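# Fold and geometry: a report
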Amino acid sequence: MSIFDKVIKALKQAGQHNSSIMVKPEVILWPDPESQWAEVISDLQVVLPHLLVYGKYDPAKKQGPAIWLKCMVARTLPEAIWEEGAIPVIYLPGVAKTDLRNVEKAGLEFQPLLEYQYTGTIFTQENGKEWTILAFVENSVNGLGLQVAKDGATKYALKQALPTIFQDSEVFTGKSVIDSEYINSQLLPDIIPSVLKWMCKGDAFLQNMEEGKRTVFTSLCKTQYDFEPDHKNIKAIAEKLGSQRNSWKQVWQMYANAPGKYPEIEDLLRLAKPVDLGSGMFALPSESWPQINEQQEDELYKGLEKASKLHPKEALGVLNTLEQSHKERRNWIWFELGQSPLADALQYLAKMAEKAIETFPSTSIEELKNYYTTNGFQVDQAMRKSLAAVKSEKDKALIKSLIQCIYKPWLESITNKFQKLIEKDTSPFTGQVTNTETEEFVLFVDALRFELAEEFCNRMLNKKYKVSLNANWSAIPSLTPTAKPNASPIANLVSTTSDIKEFRPQLQSGKDLQTEAFRDALAESGFKFISSSSGISPANKCWHEIGEIDTKGHEEQSGLVKRVEELFEQVQEVLDVAFEKGIKRIKIVTDHGWLLLPGGLPKTQLNEGLTETRWGRCALIKEGAKIDLLHLPWRWNPSIFIAYAPGISFFKANQEYAHGGISLHECLVPTIIIENSNVSASVAKITEIKWVNLKCAINTEGANDGFTIDIRTKYNDSASTIVESRNKSLKDNKGSLMVSDEAESQAATIVLLDETGRIIDKKSTTVGE
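Let's shift gears to the overall build of the chain. Along the chain, the regular secondary structure elements total 27 helices and 25 strands. Once the C-alpha set of the chain is aligned to its principal axes, its extents read approximately 130 × 70 × 35 Å. Every one of the 769 residues in the chain was classed for burial, and the buried ones make up 52%. Entry remark: accessible area of the chain is about 35200 Å², with carbon and sulfur atoms responsible for 47%. Computing the positive centroid from 88 side-chain charges and the negative centroid from 101, the chain places the two 2 Å apart.

Written out as structure tokens, the structure is:
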């Protein structure tokens, strides 16, 4: 039970009497010489409407002078509203029990109440002394029966904390001895983030604190963290943080969990770094100081520069050595703050090199396809992520030189082998047939290269969706005008004797297959074209188009590596909306993949005058022109042959991104089926949200204890959390979360997640409201 519950019970017991031998007390007098209970009287009045207060007239607080109180007791005033038979309680702040006995010294304004000590009863301890907070917490009969330290600091802390802990039934659970340090931690439970915020904001932070909390904060700084909160000493205080010793270890951990919330700390640590970090067991941790990380990034740059000038196998040895030296820095806060980009890129460079130097089978197209779909795609993923890890032009140039050194030979080798195999056997492209689309929801994701699909599918599997991924061949040339119709439900409506117009076919009706004709054909095939997720409906067969990877590739070249997360989020959002609306199975298709070689693709010269149409990796050659290039039949009219750039080359200079040619990367496309097999697996849901300042209490229904809750500004992005609490677990379908000050009044979403991190339910909220 809480102190609140115990006080209510004690007051009710004070009015009990044996009617056969005594008269019912007219009132209960509650003397409180130190006014210790004054701050919680209003809480008690919610349950005890007959609780009155002696003092300056304020009817809203049921407070007034002696004459007014007597009128209230007599119930001659309209505001005397309480149950018949309830004994009025008069709280007497600043009045001792002895003051009631001292009639001679009682002032005229107080004298009218003195008779109540005879006609009523006095609310005191069993020993006749007034109830103090300390006595009530200790008392085993009427109070909580706890052991409390008797020092002045504890007594003061109890009074300061009373409004905060008064109705909390769990505040003392599991505590054998209550002291000032524990009580202060309840009054200021967020002491650690408060220390960090004070370090960042100084006196401005203290000035925004309530006076009581400011006193508690200062006390805790001294007793727990051994410093006086004076910003003149900030260098020494920052050194304590960086030392990570004793109680500062927890402060460091809080900072390390969310360093972006405390941006000023970095400069303070930079200022505070000792010249000598020491050695052995007494050495200060290297990870605390930004200068150490910067020095090691510089050393890594030199090592990577050396590796870029070596043969791929030799480069792998250097990269592995560097990885052993620098991998620990990915656990440092500077990595999370984006200040260790080369340490980040290094892990992918080492993976890229390891996979790129492996030999691979290539005696048949099927063998090469199996190699790429089971292993080779990892080279592309590692290359892409290594470049995405860096930001500065200097670092990009370095990573590109390593990609040219290690990745380019592998890309050239696998592409050349594929083209030679296709030259002997064109069946992957010439043997394509159209089938009637049997799926009811088809999501077209533009330029979803196979390696991207592989990564996205793994994410979906981790979220316990049922996922299947198959690799198929695109129509050629691997350009949207040719390949998109082939992946769509209208493929059987496209003419295979089409005239070629910028590689765009016609429908069998003769219509040029531009956007309007494509959408009309979809309707003819029974599919509704959807331009946004709001149009999704399980009542219709749907064709939904998303994705800008191809556009970004042409516009930004190798810069598209930064756009992959955006694409994944976009696809995920469509899946979420579709599953919420009752769609149970989604097919994802694409038109083509692409080549990406940061640092530039090699150029093959092709005179534009020899071509009817020339795109980056393919061209329609003029009749009669002789060109020594690979020629293959066009998908939509096999009598028309298209010429293709050799290897990974491009018909134009200074390009890093390309498609339209013949390579595994451009022509091997994914088909994904995703089923929400868990759609009925859990009926767990959020039932109630209650904010008390920046603390959010959340009730759920049907949730396992392994489920967690979070508050995010972007519901499907865990990185957008605004929660400062480290424990996000539910217990007995209940949980509570503390958010940062900066999030107050911000729109957010509360999410309920299962053991795998899959979102089970979500509700919108406004922080603090």
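We are not done yet, so read on.
It is worth spelling out helix α16 (residues 312-326) at this point. If you check α16, its first and last C-alpha atoms are 20 Å apart, about what 15 residues at 1.5 Å a residue would give, namely 21 Å. Tucked inside the fold, the buried residues of α16 contact α15 (290-307), α18 (341-356) and α20 (393-424).

On to the environment of Gly64, then. Secondary-structure assignment places Gly64 in strand β3 (residues 63-64). Through-space distance from the C-alpha of Gly64 to that of Leu52 is 8.2 Å; in sequence the pair is twelve residues apart.

For the rest of this paragraph, the subject is α18. For α18, which comprises 16 residues, the first-to-last C-alpha distance of 22 Å matches the rise-based estimate of 22 Å (1.5 Å per residue) to within 8%. With twelve of 16 residues buried, α18 lies mostly within the body of the structure. Along α18, the residues classified as buried are Pro341, Leu342, Ala343, Asp344, Ala345, Leu346, Leu349, Ala350, Met352, Ala353, Lys355 and Ala356. Against the buried residues of α18 lie α15, α16, α17 (333-336), α19 (365-388) and α20.

Bringing the packing of aromatic side chains into the picture now. The tally for this structure, following the rule as stated, stands at 28 aromatic pairs. Taken together, Trp30, Trp37, Tyr91, Phe123, Trp131 and Phe136 form an aromatic cluster joined through their ring pairs. For Lys417, the ring lying beneath its charged end belongs to Phe360, and the centroid distance is 4.5 Å. Seen from the ring of Phe518, Lys484 lies directly overhead, with NZ or CZ sitting 4.9 Å from the centre.

On to the nonpolar core, then. The biggest cluster of nonpolar side chains holds 120 residues, and the ones touching the most others in it are Leu304, Trp410, Ile588, Ile662 and Ile674. At 13 residues, the largest contribution of residues to this core is made by α20. Ignoring any residue separated from it by four or fewer positions in sequence, one finds Trp410 in contact with Ala356, Phe360, Tyr371, Tyr372, Gly376, Val379, Asp380 and His665. Ile133, Tyr182, Met199 and Met209 belong to the second largest nonpolar core, which has 79 residues in total.

Strand order in the open sheet made by the four strands is β14-β15-β17-β16, with antiparallel pairing throughout. Two strands bound the open sheet, and with one partner strand each, they are β14 (611-614) and β16 (630-634). Averaged over all neighbouring strand pairs, the angle between strand axes comes to 35 degrees, with direction disregarded. Looking at chain direction, strand β15 (residues 618-621) and strand β17 (residues 637-644) are connected through two bridges and run antiparallel. When the sheet's bridge partners are listed, Ala619 is paired in β17 with Ala643.

Across seven bridges, strand β24 (residues 747-753) lies against strand β25 (residues 759-766) in antiparallel orientation. By the bridge assignment for β25, Thr749 is matched with Ser764. In this antiparallel pair of consecutive strands, β24 and β25, the connection spans five residues, and Gly757 shows a positive phi of 90 degrees.

The rules behind each value
- Residues numbered from 1 in each chain as written.
- Predicted model: local features only at pLDDT ≥ 70, side-chain atom pairs only at ≥ 80, totals over all residues.
- Heavy atoms only, no water.
- Helix = DSSP H or I, 4+ residues; strand = E, 2+ residues; numbered from the N terminus.
- Buried < 20%, exposed > 50% of the residue type's maximum accessible area, 1.4 Å probe, protein only.
- Areas by Shrake-Rupley, 256 points an atom, 1.4 Å probe, with all protein chains shown as cover.
- Lys, Arg positive; Asp, Glu negative; His and termini not counted.
- Charge placed at Lys NZ, Arg CZ, Asp CG, Glu CD.
- Expected span 1.5 Å × (residues − 1).
- Contact = heavy atoms within 4.5 Å.
- Phe/Tyr/Trp six-rings, centres within 6.5 Å; stacked < 30°, edge-to-face > 60°.
- Lys NZ or Arg CZ within 6 Å of the ring centre and 35° of its normal.
- Core = buried A, V, L, I, M, F, W, Y, C linked by side-chain atoms within 4.5 Å.
- Pairing = 2+ DSSP bridges.
- Axes fitted to C-alpha atoms, helices over the stretch in contact; angles between N-to-C directions.

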